[in-house]
Amino acid sequence: MAGGMEANGGSSRLTGRRICSCTKDDFFPEESFQSVDNYVNALKQTPFRLVDRMLTRSNVQAEIDAKARSGNAMKKTLSWWDLMWFGMGAVIGAGIFVITGIEARDDAGPAVVLSYAVSGLSALLSVFCYTEFAVEIPVAGGSFSYLRVELGDFVAFIAAGNILLEYVIGGAAVARSWTSYFATFCNHKPEDFRIHVNGLADGYNHLDPLAVLVVIIICIIAVSSTKVSSRLNYVASVVHLIVIIFIVICGLIKADTSNYTPFAPFGPRGIFKASAVLFFAYVGFDAVSTMAEETKNPAKDIPIGLVGSMMITTVLYCLLAITLCLMQPYHMINVDAPFSRAFEMVGWNWAKYIVAAGALKGMTSVLLVSAVGQARYLTHIARTHMMPPWFAKVDQKTGTPINATIAMLAATAIICFFTKLDILSNLLSISTLFIFMLVALAILVRRYYVSGETTKQNRNKLIAFILLILGSSMATSIYWALSEGWIAYCITVPIWLFSTAGLWISVPQACSPKLWGTPFVPWLPSASIAINIFLLGSIDQESFIRFGIWTLFLLFYYFLFGLHASYDNAMAIQVKTIEDTPYKNAEAGETSIDTTSTGN
């Protein structure tokens, strides 16, 4: 990147002119892309480079040092109070206000409260795993950085692609839900503000220009300042919390306990199927971990902010689910604006406007926090050159990654213009559960394996136990998806139990957290892996097909561009490290040079 900027005047300062005037070197400055011959040679080396990137793990210091590649530092302005409100603002939105109605009516009935409890447990386990990483590796890359350190570049890139997909789809889903509740607020039907086009495929033919407008406004706010975004989110979240309390109290006043019969009309399968989809309602808390770079005291602020916001959110979700199903029979719940319509059904027309206003406030804060979080993910991914480094630039004046913010929200606007909510929510749940499973796996690797310290015997035992944990969890999930029986669980569950116990008893931990650690290792991350994989077994086949197509696209990009760019970048860093080592050693009074270990 530096070379491209030097060629245009030698200045590293990001200016308005540079945002609008870009060259090839802004996107592909690496040696492999400087000529056709270089690129052909790079493609010939693809197998060698792939093995190198698959086996190479970054290290904590390398991730922290990568911050310098953004030109300007992000400002440390956030406290645990900001993070807690960011957490609730990121999560409480379209999931509870829209998906609840769909899943209560079609899959779980009043037992949707149990679905929320299961999803909340899974999310809480993931929060503990995320918190250790966010405290120990306080950079904007979030789970991408964590996986890069523990599982290597290739796994981190696949996860990164799904992280970006998660944010784009999540933002699009919330934006479309915003339109539905705004229509209700204006005393219209939820679909009235969308344009129906007969010539497009079903599920993509209800165009939503209002959702696009909302995304544009959010983009303008997000690029202005992180602290401004925090303050706006704080105000929106306070109003949102007041409205939620209003819904619970007033809704229970109009409760009819007969609506809770039957409690679970679709049985256990319906409960877990709804749980898998309702995981959508918990998506967003990981955005808080991307703000570690802007947190004043990560060791104190991040655990309080993440764990606190998730526990409050889970309780609120369960209360709202109970209230909705007590207000009206589950089969009469409106799927577009369930809470507003519920108050209308019980004769409180005036209340639906308060509910719609609160939902709009909540979804606005979700969009805002999502915009902040997704840009920081893309920024750190671009620092490694797996994505073009142009996205890594941080504006000197605002201290925000403007290029990454605009790019991600442009993709969100395109998706929300066309795609219906049910398509988005299922695909989002697959991507999120997959990432959370990888983060839990990374915690096990982090605690039990340190290169050069862990013995070969302990390494092999760790690999065997992890494979057994993954295999038994996958077998349980597949059996749940394909069979109505129970006998296989008598095999798969004990295998998971004994594998986790074997890891706990026979493999010593090689690494202890310095500031804050996930509790009950290996049991908690192993349980997180099992629950996330199990919930994947309840998602429909079409969503897995879409997920597979996206993964193929990621591999196509990686093999043609991302692999070679990140390899060249890693080699350049390694050369620079070797060149700098003599000077560092001379200052320290050392005479020997050890270049065997570098963080790429």
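Residues numbered from 1 in each chain as written. Predicted model: local features only at pLDDT ≥ 70, side-chain atom pairs only at ≥ 80, totals over all residues. Heavy atoms only, no water.

Trainee: Please clarify how the overall build of the protein chain should be interpreted in this entry.
Mentor: Counting its secondary structure elements, the protein chain contains 24 helices and two strands. Out of the 600 residues in the protein chain, the part that is buried amounts to 59%. A fraction of 84% describes how many contacts in the protein chain between residues 6 or more apart in sequence connect residues 24 or more apart. (Helix = DSSP H or I, 4+ residues; strand = E, 2+ residues; numbered from the N terminus. Buried < 20%, exposed > 50% of the residue type's maximum accessible area, 1.4 Å probe, protein only. Contact = heavy atoms within 4.5 Å.)

Trainee: Whenever I open this one, the confidence of the model for the protein chain confuses me. Can you help?
Mentor: As a general rule, the predicted coordinates of low-pLDDT regions are not to be interpreted in detail. Across the protein chain, the average pLDDT comes to 82, with 85% of residues at or above 70. Element-level pLDDT for the protein chain is lowest in helix α1 (residues 2-6), with a mean of 41, against a maximum mean of 95 in helix α22 (residues 489-506). In this model, residues 1-20 is a region of pLDDT below 50 whose contacts with residues beyond four sequence positions or in other chains number 27 contacts. Taken together, the stretch residues 583-600 has pLDDT below 50 and engages in 18 contacts with residues farther than four places along the chain or on a different chain. (pLDDT = per-residue confidence, 0-100.)

Trainee: Can you help me understand unusual backbone geometry in this one?
Mentor: As a rule of thumb, non-glycine residues mostly have phi less than zero, and peptide bonds are mostly trans rather than cis. Omega for the peptide link from T261 to P262 comes to -5 degrees, which places this bond in the cis form. Mapped onto the secondary structure, P262 falls in the loop between α13 (226-253) and α14 (267-278). Between V521 and P522 the backbone carries a cis peptide bond, its omega angle lying at 10 degrees. Within the secondary structure layout, P522 lies in the loop between α22 and α23 (523-536). Backbone geometry places N187, a non-glycine residue, at a positive phi of 65 degrees. For H385, which is not glycine, the phi torsion reads 70 degrees and is therefore positive. Structurally, the position occupied by H385 is in the loop between α18 (349-383) and α19 (402-418).

Trainee: Would you take a moment to explain the nonpolar core for this structure?
Mentor: Inside soluble globular proteins, nonpolar side chains tend to come together where they are buried. Counting residues in each nonpolar core, the largest one holds 174 residues, and the members touching the most others are Y116, Y181, I247, F285 and I529. If you tally residues by element for this core, the top one is helix α11 (residues 153-185), at 18 residues. Discounting chain neighbours no more than four positions away, the residues touching F285 are V91, A123, S126, V127, Y130, L306, M310 and F436. (Core = buried A, V, L, I, M, F, W, Y, C linked by side-chain atoms within 4.5 Å.)

Trainee: Explain the packing of helix α12 (residues 209-224) against α19 here, please?
Mentor: Between α12 and α19, the shortest axis-to-axis distance is 9 Å and the interhelical angle comes to 170 degrees. Judged by the angle between their axes, α12 and α19 are roughly antiparallel. Counted together, P209, A211, V212, V215, I218, C219, A222 and V223 of α12 and I402, T405, I406, L409, T412, A413, C416 and F417 of α19 form the full contact between these two elements. The residue inventory of the contact of α12 with α19, partitioned by class, reads 14 nonpolar, two polar and no charged. (Axes fitted to C-alpha atoms, helices over the stretch in contact; angles between N-to-C directions. Parallel < 35°, antiparallel > 145°, perpendicular 65-115°, else oblique. Nonpolar A, V, L, I, M, F, W, Y, C, P; charged D, E, K, R; others polar.)

Trainee: Looking at this model, I keep getting lost on the packing of aromatic side chains. Mind explaining?
Mentor: Given two aromatic rings, their pairing is described by the distance between the two centres and the angle made by the two planes. Tallying each qualifying case throughout the model produces 41 aromatic pairs. Ring geometry for W496 and W523: centres 6.3 Å apart, planes at 70 degrees, overall edge-to-face. Of this pair, W496 sits in helix α22 while W523 is found in helix α23, placing the two residues 27 residues apart along the sequence. Residue class for W496 comes out buried when judged on its relative accessible area of 18%. One aromatic cluster is present, formed by F28, F33, Y39, F154, F157, Y557, Y558, F559 and F561 through successive ring pairs. (Phe/Tyr/Trp six-rings, centres within 6.5 Å; stacked < 30°, edge-to-face > 60°.)

Trainee: Explanation requested: the environment of P265 in the structure shown.
Mentor: Assignment of secondary structure puts P265 in the loop between α13 and α14. P265 sits in the partly exposed class, given a relative accessible area of 30%. The contact partners of P265, leaving out residues within four places of it in the chain, are A108, G109, P110 and Y330.

Trainee: Honestly, α22 in this entry has me stumped. Any pointers?
Mentor: Each turn of an α-helix holds 3.6 residues, which means side chains three or four residues apart point in the same direction. For α22, built from 18 residues, the straight-helix expectation of 26 Å at 1.5 Å per residue is met to within 8% by its first-to-last C-alpha distance of 25 Å. Listing the buried residues of α22 in full gives Y489, T492, W496, S499, T500, A501, G502 and L503. (Expected span 1.5 Å × (residues − 1).)

Trainee: What should I look at first to understand the environment of S365 in this one?
Mentor: Along the chain, S365 falls in helix α18. By relative accessible area, S365 is classed as buried at 1%. Each C-alpha atom of the pair S365 and F86 lies 8.3 Å from the other, and the pair is 279 residues apart in sequence.

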